[in-house]
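# A look at the structure
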Amino acid sequence: MSLPVGEFGKPRVQLIDNTTLMDFQIEGSTPEEAQRKSIALFDAFQKKINELRLEEKTSQDSGIQTTLKDAKENLKIVQDRLNKFKASSGLSSAGQIDALSTNIENLRQQRAVFLAEQQQSTAQLGQLSTSLNISTPQAAEAFTLNADDLFQQNLKDYNDATAQLAALSSQLGPNHPAIVQINTRRTAAWTALKGRGRFLLGRAISQEMIAQYNLNGQGSAREGFFQQVITTQVNQRGLTARAAELDRQIGQLENRLANMTQKLSVFEAFNRDVTIAEAIFSSTLARLNLGTSDTFGSYPQVQLLTDPSLPRSTSAPDKKFVFLGATIGSLFVTLGTL
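Residues numbered from 1 in each chain as written. Predicted model: local features only at pLDDT ≥ 70, side-chain atom pairs only at ≥ 80, totals over all residues. Heavy atoms only, no water.

Okay, the overall build of the chain next. Scanning the chain from N- to C-terminus turns up nine helices and two strands. Element order for the chain, N to C, with α for helix and β for strand: α-β-β-α-α-α-α-α-α-α-α. Burial statistics for the chain: of 338 residues in total, 24% are counted as buried. Sequence-distant contacts in the chain: of pairs separated by 6 or more residues, those separated by 24 or more amount to 74%. (Helix = DSSP H or I, 4+ residues; strand = E, 2+ residues; numbered from the N terminus. Buried < 20%, exposed > 50% of the residue type's maximum accessible area, 1.4 Å probe, protein only. Contact = heavy atoms within 4.5 Å.)

With that out of the way, let us pick up the pattern of salt bridges. According to the stated counting rule, one finds nine salt bridges in the structure shown. For glutamate 245, the salt bridge identified is with arginine 248, shortest N-O distance 2.4 Å. Placement of the pair is glutamate 245 and arginine 248 together in helix H8 (residues 221-293), with a separation of three residues, close to one helical turn. Taking the relative accessible area as the measure of exposure, glutamate 245 reaches 29% and is therefore partly exposed. Several salt bridges converge on common partners, so that one network encompasses Glu105, Arg108 and Glu254. (Salt bridge = Lys/Arg side-chain N within 4 Å of Asp/Glu carboxyl O.)

The subject of this paragraph is the packing of aromatic side chains. Applying the stated criterion across every chain, the model contains two aromatic pairs. When the centroid spacing of 5.9 Å and the interplanar angle of 55° are considered together, the rings of phenylalanine 24 and phenylalanine 45 count as tilted. Within this pair, whereas phenylalanine 24 is found in strand E2 (residues 22-25), its partner phenylalanine 45 is found in helix H2 (residues 31-89), the two being separated by 21 residues in sequence. Ring centres of tyrosine 158 and tryptophan 190 lie 5.0 Å apart, and the angle between their planes is 40°; on these two criteria the pair is classed as tilted. Within this pair, whereas tyrosine 158 is found in helix H5 (residues 149-169), its partner tryptophan 190 is found in helix H6 (residues 177-201), the two being separated by 32 residues in sequence. Like tyrosine 158, the residue tryptophan 190 is buried in the burial classification. Positioned above the aromatic ring of phenylalanine 8, the side-chain terminus of lysine 37 is 5.4 Å from the ring centre. (Phe/Tyr/Trp six-rings, centres within 6.5 Å; stacked < 30°, edge-to-face > 60°. Lys NZ or Arg CZ within 6 Å of the ring centre and 35° of its normal.)

Leu91, Ile97, Leu100, Ile104 and Phe267 are the most contacted members of the largest nonpolar core, which totals 25 residues. Elements with a contribution of two residues or more to this core: H2, helix H3 (95-132) and H8. Among the elements that make up this core, the one with the highest residue count is H8 (13 residues). With residues up to four places along the chain from it excluded, the contact list for isoleucine 104 reads Ile250, Leu253, Glu254 and Leu257. (Core = buried A, V, L, I, M, F, W, Y, C linked by side-chain atoms within 4.5 Å.)

Over its 21 residues, H5 runs 30 Å from end to end, which matches the ideal 30 Å to within 8%, given 1.5 Å per residue. Among all positions in H5, only Phe151, Gln152, Asn154, Leu155, Tyr158, Ala161 and Leu165 are buried. If you check the start of H5, you find a side-chain oxygen 3.4 Å away from the backbone N of leucine 150, and it comes from aspartate 148. (Expected span 1.5 Å × (residues − 1). Polar contact = N/O pair within 3.5 Å; in protein donor to acceptor, adjacent residues only side chain to side chain.)

Okay, the side chain of glutamate 33 next. Tracing the sequence through the fold places glutamate 33 in helix H2. Of the buried charged residues, glutamate 33 lacks a salt bridge, with lysine 37 as the closest side chain of opposite charge at 4.4 Å. Sequence-distant contacts of glutamate 33, that is, excluding residues within four places in its chain, are made with Met1 and Gly28. (Lys, Arg positive; Asp, Glu negative; His and termini not counted.)

Looking at the chain, the pLDDT average stands at 78 and 81% of residues meet or exceed 70. The secondary-structure element of the chain with the lowest mean pLDDT is helix H9 (residues 319-337), recorded at 59, while strand E1 (residues 12-15) shows the highest, at 91. (pLDDT = per-residue confidence, 0-100.)

Here is the structure:
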């Protein structure tokens, strides 16, 4: 209005009971001036409220931003601490311990199965060895010799020479050239047989061993028993090795489980700190977003219900009534002095 505050005048404000309405009145020298003052008053009122809203929002946002920054930094700190612990301990979740326990139990069940099969193979091996009157190592040696073609050829040469010598010895003397020749061939075969046997078994062989191993009976029932002994022994060794490997794995996993169990409480504490920090950060961020969307928190939106009216009459006493009252008063005074 380009007027000093004193000339503008002080408005009259009335709160209407049981409502959120306010009634403003202001005087002017003319109806038009009174109307313009009312409009200017409302505009100034709106401007001041907007300033207060902005001031409050700036203050609130500044505090929330500081809190949000602190919450974000704290979240990063606890997350880094948790990640470092995961990397150093190998424990990334509590479910790892359950999975590890389940794995150990499965390995124990497999080990129990292997041990049962191993005991069965041991019993079968003992029964076969008793039936053959031969030990398991001896059965293995018999199969080693029986599977070697050169040893078998030397054995055949030796047996053939022995048979021929037995047949001719009843007819010829020991110095007969035929007997000498067969003896020479038999000795050479035996020498070759012993040399090959030592090479294969790592120890000397004897005629008693050959007789006990019964190497001439290929395809016989005894040979079938020999084969069962070797097969059972190989199976038993395989089961023993697998059970030993399971024992090793179970031991490693149990040590790992014990180590993880000790670190579980630390992991849960770090994880709990991260959960709390995330909740604080999310809550602070939500408060900031809510404050951004709610711009009318302490200062609600103001709406002009009716436009300022253009007065049709003065609010002060009418001059005609003033003059009439003055005249009547003067008349009464004059009459009173007579």
